Amino acid sequence: MKLSDVIADMILDMFDDETPTVQIQRNDLASQLGCVPSQINYVITSRFTPEQGYRIESRRGGGGCIMITRASSKDNAIVSLIKSIGSEIDEKNARAHINNLNYQSIISDRAAKMMLAVISDNNFRGLPTEIKNQIRANQLKQMLIAYIN
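Residues numbered from 1 in each chain as written. Predicted model: local features only at pLDDT ≥ 70, side-chain atom pairs only at ≥ 80, totals over all residues. Heavy atoms only, no water.

S.K.: Mind laying out unusual backbone geometry, listing which residues take part and the relevant values?
M.R.: Despite not being glycine, Ser105 has its phi angle at roughly 60°, a positive value. The residue Ser105 is located in the loop between helix 5 (91–103) and helix 6 (109–119) in this model. (Helix = DSSP H or I, 4+ residues; strand = E, 2+ residues; numbered from the N terminus.)

S.K.: Just give me the short version of the nonpolar core, but keep the residues and values in it.
M.R.: By size, the foremost hydrophobic cluster in this structure holds 20 residues, and its most contacted members are Ile85, Ile98, Ile107, Ile119, Leu140 and Leu144. Elements supplying a minimum of two residues to this core: helix 4 (74–85), helix 5, helix 6 and helix 7 (129–148). When residues no more than four places from it in sequence are discounted, the contact partners of Leu144 are Ile78, Leu81, Ile82, Ile85, Leu101 and Met115. Counting residues in hydrophobic clusters, the runner-up holds 16 residues, among them Ile11, Leu29, Tyr54 and Ile66. (Core = buried A, V, L, I, M, F, W, Y, C linked by side-chain atoms within 4.5 Å. Buried < 20%, exposed > 50% of the residue type's maximum accessible area, 1.4 Å probe, protein only. Contact = heavy atoms within 4.5 Å.)

S.K.: Pulling in residues and values, what's your account of the packing of helix 5 against helix 7?
M.R.: Running from N to C, helix 5 and helix 7 point in directions that differ by 15°, and their axes come no closer than 10 Å. The pairing of helix 5 with helix 7 is recorded here as roughly parallel in orientation. Note on packing geometry: the crossing formed by helix 5 with helix 7 is left-handed. Across the interface between the two elements, Glu91, Ala94, Ile98 and Leu101 from helix 5 touch Asn133, Arg136, Leu140 and Leu144 from helix 7. Looking at the contact of helix 5 with helix 7 residue by residue, the classes come out as 5 nonpolar, 1 polar and 2 charged. (Axes fitted to C-alpha atoms, helices over the stretch in contact; angles between N-to-C directions. Parallel < 35°, antiparallel > 145°, perpendicular 65-115°, else oblique. Left-handed = near helix turned anticlockwise from the far one by under 90°. Nonpolar A, V, L, I, M, F, W, Y, C, P; charged D, E, K, R; others polar.)

None of the figures reported here should be taken as evidence of function without further support.
Here it is as structure tokens:
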């Protein structure tokens, strides 16, 4: 297991049904795991994004801390992602979003597999890249909306 996966899992384990916000002392977590604090920053900025239903606040002074607040529901996380997609998305980024939703248990394994099949470049052979990415963005948004409903 990669160090970034271990860090993400530790942070996710801090959340429970009663606790929508966790407070992390970056230096303490880094020393606990034997890594540099910037590795903690990397994981937080790449895996705990607004698109994935998280809000990050950094507090300076007195040792400082990072507050991570989880969206109140899985639907909120999906809606945030839909809003962030824009008019185009390439296959790599679409795959990353779907895999992150699945990793966070926001969507099921089965839904993730179906979505990944739909957004694959194999479905858009012969189309210009710009058109592929526009269609892919629309399809991804529609699948996510359907998942909510």
